[in-house]
Amino acid sequence: MKFLRDKIDQMKKPFEKGQKFEKFAPAINALDTFLYVPNHTTKHGAHIRDAVDLKRTMITVVLALIPALIFGIYNAGYQHFIQIEGSDMSFANLFFHGLWKVLPMIIVSYAVGLGIEFAFAIFRGHEVNEGYLVSGLLIPMVMPVDLPLWMLAISVAFAVVIGKEAFGGTGMNIFNPALLARAFAFFAYPTFMSGDKIWVSDATTIDGVSGETILGSLAQGKEVTYSTMDMFLGFIPGSIGETSTIAILIGAFILIATGVGSWKIMVSGVIGAALTALMFNAVGLTALMNFDWMNHLVVGGFAFGIVFMATDPVSAAQTDKGKIIYGLLIGFFSILIRVFNPAYPEGVMLAILLMNTLAPTIDYFVVNGNIAKRKKRLAKSKQLKSA
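Below you will find a few notes about this structure. (Residues numbered from 1 in each chain as written. Predicted model: local features only at pLDDT ≥ 70, side-chain atom pairs only at ≥ 80, totals over all residues. Heavy atoms only, no water.)

Our next topic: the overall build of the protein. Summing up its helical and strand segments, the protein has 16 helices and 0 strands in all. Here the protein holds 387 residues, and 48% of them are scored as buried. Partitioning the contacts of the protein with sequence separation of at least 6, the portion at a separation of at least 24 is 69%. As displayed, the protein has an accessible area near 19200 Å², and 67% of this comes from carbon and sulfur atoms. (Helix = DSSP H or I, 4+ residues; strand = E, 2+ residues; numbered from the N terminus. Buried < 20%, exposed > 50% of the residue type's maximum accessible area, 1.4 Å probe, protein only. Contact = heavy atoms within 4.5 Å. Areas by Shrake-Rupley, 256 points an atom, 1.4 Å probe, with all protein chains shown as cover.)

Structure below.
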């Protein structure tokens, strides 16, 4: 390791202050930060001395995503070969087919996203932030497996430039970048983001493919042939990382145990969705209204969104009470959009983007409410003393 450290230090010399390539220092420093701990610390203002930095936080989220990613790769192969009679259904065959489809999407996401981040860092003269370590993996995981790579690249560019760098970079964005990429792709390329072909790799070459998502089928009034256990385990069509609730729960446990993800947002989000779904079950006028409330929690992107995106520490509510309100409203709007918008039955992404917008307002009223309560207690205390 000392050899590597010496080599990197040697490589950095032409990029030091006053040297020929000083302007490009953020690019070489990013390599140092990726391999080692960040080489900068807080110098001014109030701060906490702690071993946890942004890099460690981002790596923790990436590790929490691994179970859903591995299952998503396997499921991509499973959904492809189950359509072909007589196929080899061995784990290796399914996994490597999925890997062949998913890995290029991850590479494109990181190449385009990090390329833009490096360009902005050099232009602005600041260090490359570690925030895209997570977004670069989240974006392909919320996309259909057969989305053309050039569409993915444009969606990534939109998310990084408009959703992140336009606001000042990591820590400044008001929207979750991965959600913006998904929303952009959906509205810019709707035929590639909805339908019964895009959720199964190479579906156009398979006759009689039945790869429509459960929510898409329900929106059209069709019957669902999958069991609740299939939905929970994830053997259903859908975006790469969103199908397996059990894999997502493993990630949720990691985030909660490490303190990186807010359990208040996760739990309140589930409660809000469950209560809303129960309300619609009581009405029962459409297939989506009649869809069992528990199934609503384990299909589509709800579980993935509430665990990995609603808990984004930058775009989510910051106060304890605000997190509960924020999560409840995400759950409520997720089911509401599913039921009343057949053109977009997957509502969690739009629900989180909406609540990203309202999160500062929620915190504002929570903080001011606490101030008002304290003023009342202070006034009452003064009255008692004077009496």
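Pairing between side chains of opposite charge can happen when their charged atoms approach one another. Taken as a whole, this structure holds 3 salt bridges when the rule is applied. Of the charged contacts, one joins Lys 101 and Asp 146 as a salt bridge, the two residues approaching to 3.9 Å between their closest N and O atoms. Taken as a pair, Lys 101 in helix 4 (residues 91-124) and Asp 146 in the loop between helix 5 (132-141) and helix 6 (149-163) lie far apart in primary sequence, 45 residues in all. Take Lys 101: its relative accessible area is 19%, and that puts it in the buried class. In this structure, the salt-bridge partner of Arg 182 is Glu 242, at a minimum N-O distance of 3.6 Å. (Salt bridge = Lys/Arg side-chain N within 4 Å of Asp/Glu carboxyl O.)

Our focus in this paragraph is the nonpolar core. Leu 65, Met 143, Phe 304, Phe 308, Met 309 and Tyr 326 are the most contacted members of the largest nonpolar core, which has 93 residues in total. In terms of residues, this core owes the most to one element, helix 3 (residues 54-81), which gives 13 residues. Each residue touching Leu 65, except ones within four places of it in the same chain, is listed here: Val 134, Leu 137, Leu 138, Met 141, Phe 304 and Phe 308. (Core = buried A, V, L, I, M, F, W, Y, C linked by side-chain atoms within 4.5 Å.)

Another point: helix 6. Relative to the 21 Å expected for 15 residues at 1.5 Å per residue, helix 6 spans 20 Å between its end C-alpha atoms, a close match to the ideal helical length. For helix 6, the full list of buried residues reads Met 151, Leu 152, Ala 153, Ser 155, Val 156, Ala 159, Val 160 and Gly 163. (Expected span 1.5 Å × (residues − 1).)

We now examine the packing of helix 6 against helix 7 (residues 177-188). Running from N to C, helix 6 and helix 7 cross one another at 130°; their axes reach a closest spacing of 8 Å. Judged on the interaxial angle alone, helix 7 and helix 6 are oblique. Handedness of the helix 6/helix 7 crossing: right-handed. On the side of helix 6, the interface is formed by Ile 154, Ser 155, Phe 158, Ala 159 and Gly 163, while helix 7 contributes Pro 177, Leu 180, Ala 181, Phe 184 and Ala 185. The residue makeup of the contact of helix 6 with helix 7, split by class, is 8 nonpolar, 2 polar and no charged. (Axes fitted to C-alpha atoms, helices over the stretch in contact; angles between N-to-C directions. Parallel < 35°, antiparallel > 145°, perpendicular 65-115°, else oblique. Left-handed = near helix turned anticlockwise from the far one by under 90°. Nonpolar A, V, L, I, M, F, W, Y, C, P; charged D, E, K, R; others polar.)

Summed over the entire model, instances satisfying the criterion amount to 16 aromatic pairs. With 4.5 Å between their ring centres and 20° between their planes, Phe 158 and Phe 184 make a pair best called stacked. Taken as a pair, Phe 158 in helix 6 and Phe 184 in helix 7 lie far apart in primary sequence, 26 residues in all. Ring geometry for Phe 332 against Phe 333: centres 5.1 Å apart, planes inclined by 65°, an arrangement best described as edge-to-face. We classify Phe 332 as partly exposed; its relative accessible area is 29%. The exposure class assigned to Phe 333 is partly exposed, which follows from its relative accessible area of 22%. (Phe/Tyr/Trp six-rings, centres within 6.5 Å; stacked < 30°, edge-to-face > 60°.)

Along the chain, Asp 312 turns up in the loop between helix 14 (302-309) and helix 15 (320-340). For the buried Asp 312, no salt bridge is present, and the opposite-charge side chain at shortest range is Lys 164, 9.4 Å distant. At 2.9 Å, the side chain of Asp 312 forms a polar contact with the side chain of Ser 315. Ignoring anything within four residues of it in the chain, the contact list for Asp 312 reads Asn 173 and Asn 176. (Lys, Arg positive; Asp, Glu negative; His and termini not counted. Polar contact = N/O pair within 3.5 Å; in protein donor to acceptor, adjacent residues only side chain to side chain.)

Moving on: the environment of Val 270. Turning to its location among the elements, Val 270 is positioned in helix 11 (residues 263-283). Through-space distance from the C-alpha of Val 270 to that of Gly 331 is 6.1 Å; in sequence the pair is 61 residues apart. Aside from chain neighbours lying at most four places away, what touches Val 270 is Leu 297 and Phe 302.

Turning our eyes to something else, we now look at helix 7. Here helix 7 contains 12 residues, and its C-alpha end-to-end distance of 16 Å stays within 8% of the 16 Å for a straight helix at 1.5 Å per residue. Taking burial as the measure, the 12 residues of helix 7 include 9 buried ones, the bulk of the element. Within the span of helix 7, buried status applies to Pro 177, Ala 178, Leu 179, Leu 180, Ala 181, Arg 182, Ala 183, Ala 185 and Phe 186. On its buried face, helix 7 sits against helix 5, helix 6, helix 14 and helix 16 (348-386). Sitting at the amino-terminal end of helix 7 is Asn 176, which places a side-chain oxygen 3.0 Å from the backbone nitrogen of Ala 178.

Attention shifts here to a positive patch on the surface. A surface patch of like charges, here positive, comprises Lys 321, Lys 373, Arg 374, Lys 376 and Arg 377. Within the secondary structure, Lys 373 is located in helix 16. The exposure class assigned to Lys 373 is partly exposed, which follows from its relative accessible area of 44%. (Patch = residues over 30% accessible without salt bridge, like charges linked within 9 Å, V, L, I, M, F, W, Y side chains within 5 Å. Charge placed at Lys NZ, Arg CZ, Asp CG, Glu CD.)

Our next topic: the packing of helix 11 against helix 14. For any two helices packed against each other, one specifies the crossing angle of their axes together with the interaxial distance. Between helix 11 and helix 14, the shortest axis-to-axis distance is 9 Å and the interhelical angle comes to 150°. Between helix 11 and helix 14, the angle falls in the class roughly antiparallel. Of the two elements, helix 11 crosses helix 14, and the hand of that crossing is right-handed. Residue-level inspection shows Ile 265, Met 266, Gly 269, Val 270 and Ala 273 of helix 11 in contact with helix 14, the latter providing Phe 302, Ile 306 and Val 307. Each residue belonging to the contact of helix 11 with helix 14 can be placed in one class, and the counts come to 7 nonpolar, 1 polar and no charged.

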